[in-house]
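What follows is each chain in one-letter form.
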Amino acid sequence: MPTAPHDGHRADEYRALELLSRTPYGRVSVSMRALPFVTVARHVVVDGKVLMRLHGGFGYAQACDGSVAAYGADNLADREEGDESVWTVQFVGTARIFVPGPEELRLFGRAPHSADDAPFVPEYLCIEPQFITLHHLEGVPARRAAHSA
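Residues numbered from 1 in each chain as written. Predicted model: local features only at pLDDT ≥ 70, side-chain atom pairs only at ≥ 80, totals over all residues. Heavy atoms only, no water.

(A) Local environment of the nonpolar core. By size, the foremost hydrophobic cluster in this structure holds 27 residues, and its most contacted members are Val28, Met52 and Val89. When neighbours within four sequence positions are excluded, Met52 is seen to be in contact with Val28, Ala41, Arg42, His43, Tyr71, Phe108, Glu123, Tyr124, Leu125 and Ile127. Residues Val46, Leu51, Phe108 and Cys126 belong to the second largest nonpolar core, which totals 7 residues. (Core = buried A, V, L, I, M, F, W, Y, C linked by side-chain atoms within 4.5 Å. Buried < 20%, exposed > 50% of the residue type's maximum accessible area, 1.4 Å probe, protein only. Contact = heavy atoms within 4.5 Å.)

(B) Structural detail: the layout of surface pockets. For the second largest pocket, the calculated volume is near 170 Å³. Forming the boundary of the second largest pocket are 14 residues, of which Tyr25, Val40, His55, Pro112 and Phe120 lie nearest the centre. For the lining of the second largest pocket, the secondary-structure elements that each account for two or more residues are strand 2 (35-46), strand 3 (49-55) and strand 6 (114-115). Looking at side-chain class alone, the lining of the second largest pocket contains 8 nonpolar, 3 polar and 3 charged residues. (1 Å grid on protein atoms, 1.4 Å probe; cavity = no way out; pocket = protein on both sides within 12 Å on 5 of 7 lines; lining within 4 Å. Points joined across faces, edges and corners; volume = space filled by probe spheres on them. Helix = DSSP H or I, 4+ residues; strand = E, 2+ residues; numbered from the N terminus. Nonpolar A, V, L, I, M, F, W, Y, C, P; charged D, E, K, R; others polar.)

(C) Main features of helix 1 (residues 9-20). Helix length check: helix 1 (12 residues) gives 17 Å between terminal C-alpha atoms against 16 Å at 1.5 Å per residue, within 8%. Among all positions of helix 1, only Glu13, Ala16, Leu17, Leu19 and Leu20 are buried. Projected down its long axis, helix 1 carries its buried residues within an arc of 160°, all on one side. Looking at the packing, one finds that the buried side of helix 1 touches strand 2, strand 3, strand 4 (68-74), strand 5 (85-97) and strand 9 (130-138). (Expected span 1.5 Å × (residues − 1). Arc of directions from axis to C-beta.)

(D) Examining unusual backbone geometry more closely. Residue Ala34 is not a glycine yet carries a positive backbone phi of 70°. On the secondary structure map, Ala34 appears in the loop between strand 1 (25-32) and strand 2. Unlike most non-glycine residues, Phe131 shows phi in positive territory, near 55°. Secondary-structure assignment places Phe131 in strand 9. Judged by its relative accessible area of 67%, Phe131 falls in the exposed class.

Here it is, written out as structure tokens:
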């Protein structure tokens, strides 16, 4: 049974955006030709909005433009040995293509050289998060992938 919103709900939303700003990548999800898809995106948080950089060669930015999209990010891969705190942030909102200004481009940093062996062509989306969900797990050991011989 869902829980009722608590007094800290707005604080959780601010905390979720603050946590998003700590990790550079997440996953955007939307339907394309009536089928769901998920792809990686570089994101930055600016004035309560999440700005994303995607590879234009995939056509995903056009598929997202004007649609309700879901976005999620976490710290699963960014934890050091001994850090047993895991967080995940998810939200939905309407995605819009936008043209970043110089300051936003600086925040994104250098773009990848390629995507699937093709030159990386950046396209940008903006989502104003709605229905933000923040989850914390404590006591989750950080594990490194083992290599097989």
